[in-house]
Amino acid sequence: MDQNIIGIFSGKGGVGKTTLTVNLSLALAQFNKNVLAIDTDFKMSGLGLHLGMYQFPVTIADVLLSEKNLLEAIYIHSSGIRIVPAPLYVKEIDTSKLKDILSAPFLSENFVILDSPPGLEKNVIDVMSACNSAIILTTPDIPAITDAIKITEKLKEMSIPIRGAVVNMNMKDSIELEDIEDVLGVNIIGVIPFDKDIKKSLSLRQPLLSFNPYSPASIEIKKIAAKIINEEFKPEKFLFLKRIIKGIKK
Ligand SMILES: Nc1ncnc2c1ncn2[C@@H]1O[C@H](COP(=O)(O)OP(=O)(O)OP(=O)(O)O)[C@@H](O)[C@H]1O
Ligand SMILES: [Mg+2]
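Described in the following lines is the structure provided in the data block. None of the values given here were measured: they were computed from a predicted structure.

1. What about the nonpolar core?
Phase 1 of the analysis: Ranked by internal contacts, the top residues of the largest apolar core, which has 78 residues, are Leu24 and Leu102.
Phase 2 of the analysis: Among residues more than four places away in sequence, those in contact with leucine 24 are Ile8, Ile135, Ile221, Ile224, Ala225 and Ile228.

2. Quick look at the side chain of serine 79
Phase 1 of the analysis: Inspection of the secondary structure puts serine 79 in the loop between strand S3 (75-76) and strand S4 (82-84).
Phase 2 of the analysis: A polar contact of 2.8 Å, which involves the side chain of serine 79, links it to the side chain of histidine 77.
Phase 3 of the analysis: With sequence-adjacent residues up to four places away left out, serine 79 is seen in contact with Leu26, Gln206, Pro207 and Ser210.

3. As for the pairing of strand S5 (residues 110-115)
Regular strands have side chains that alternate between both faces of the sheet.
Phase 1 of the analysis: Across the six residues of S5, six count as buried, placing the element largely inside the fold.
Phase 2 of the analysis: Side chains of S5 alternate between two faces, with Asn110, Val112 and Leu114 and Phe111, Ile113 and Asp115 buried alike.
Phase 3 of the analysis: As defined by bridge partners, strand S1 (residues 4-9) adjoins S5 across five bridges and the pair is classed as parallel. Directly across from isoleucine 8, in S5, lies its bridge partner aspartate 115.
Phase 4 of the analysis: Here strand S2 (residues 34-39) pairs with S5 via six bridges, running parallel. Within S5, the residue paired with alanine 37 across the bridge is isoleucine 113.

4. So, a negative patch on the surface
Phase 1 of the analysis: A cluster of like negative charges, contributed by Glu176, Glu178, Asp179 and Asp182, occupies part of the molecular surface.
Phase 2 of the analysis: In this fold, glutamate 178 is placed in helix H7 (residues 177-184).

5. Considerations on the site of ligand 1
Phase 1 of the analysis: Neighbouring ligand 1 are 19 residues, the closest being Lys17, Thr18, Thr19, Asn168 and Asp195.
Phase 2 of the analysis: In this structure, an oxygen atom belonging to ligand 1 sits 3.2 Å away from a side-chain N or O atom of histidine 50.
Phase 3 of the analysis: Note that an oxygen atom of ligand 1 is positioned 3.1 Å from one of the side-chain N or O atoms of lysine 199.
Phase 4 of the analysis: Coverage of ligand 1 by the protein chains reaches 83% of its 630 Å² of free accessible surface.
Phase 5 of the analysis: When residues of the shell around ligand 1 are traced back to their parent elements, those giving at least two are helix H1 (17-30), strand S7 (162-170), strand S8 (188-193) and helix H8 (197-203).

Parameters at a glance
Residues numbered from 1 in each chain as written. Chains lettered and ligands numbered in written order. Predicted model: local features only at pLDDT ≥ 70, side-chain atom pairs only at ≥ 80, totals over all residues. Heavy atoms only, no water. Core = buried A, V, L, I, M, F, W, Y, C linked by side-chain atoms within 4.5 Å. Buried < 20%, exposed > 50% of the residue type's maximum accessible area, 1.4 Å probe, protein only. Contact = heavy atoms within 4.5 Å. Helix = DSSP H or I, 4+ residues; strand = E, 2+ residues; numbered from the N terminus. Polar contact = N/O pair within 3.5 Å; in protein donor to acceptor, adjacent residues only side chain to side chain. Pairing = 2+ DSSP bridges. Patch = residues over 30% accessible without salt bridge, like charges linked within 9 Å, V, L, I, M, F, W, Y side chains within 5 Å. Areas by Shrake-Rupley, 256 points an atom, 1.4 Å probe, with all protein chains shown as cover. Salt bridge = Lys/Arg side-chain N within 4 Å of Asp/Glu carboxyl O. Lys, Arg positive; Asp, Glu negative; His and termini not counted. Charge placed at Lys NZ, Arg CZ, Asp CG, Glu CD. Near = heavy atom within 4 Å.

In short, geometric facts, not functional conclusions.
Here it is in structure tokens:
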């Protein structure tokens, strides 16, 4: 079976790529998929930090330098997420070999989620070349959408299948979703609301899905994961109430 390597891209920085990588990985794992999240943002690595992990003897940089094997760079967070971190600091790194590294046979039947750097520099192009499908992430504002258009055009030029766009930090009075779809020319596969619990989970070094599995953003991320694996996801309503009733009836 082929590798299923999904790149998360945004033109603009800070729109939530690492947050989505962490939580989408956990959501897919909760659907019983094997998942590996890889930090490909070498200049501003953040995947490990989002999980409160930062001391790694081996990182993806060592693998790119052919000094270590990818298997040696895998770490497991207490939430169950498997990650390959990037180093906290690296001056320059050649990312051209990323595609080769990710063709490792042991990754077949895995979902590999690539947390990419923002922009369209060569390292981003290398991440695009290494994935076999892409998700475009944007916030619902003009600067982020404008940059997302550039990313979309590049992915199309490179013939990389686009699974869809995800709108993050959505709010009531944000730009209409149909307008975002129109300008991007890509279907929206998920809309994640602005959720205060994300900052709280970050300070507790936990993915949002572990911290609050029923928060509005968690539910939306689970729906995106379900779409990716073509499963139906029906969030349970009144779960809290059901638990109380169960407790009373015991
Ligand atoms: N849906 C959301 N609601 C509220 N805050 C969010 C949401 N998504 C992300 N954030 C917050 O926005 C900030 C940026 O998120 P994140 O680091 O995931 O972005 P990024 O795209 O990976 O950034 P960079 O381009 O620098 O790598 C973080 O503080 C994160 O907690
Ligand atoms: Mg990031």
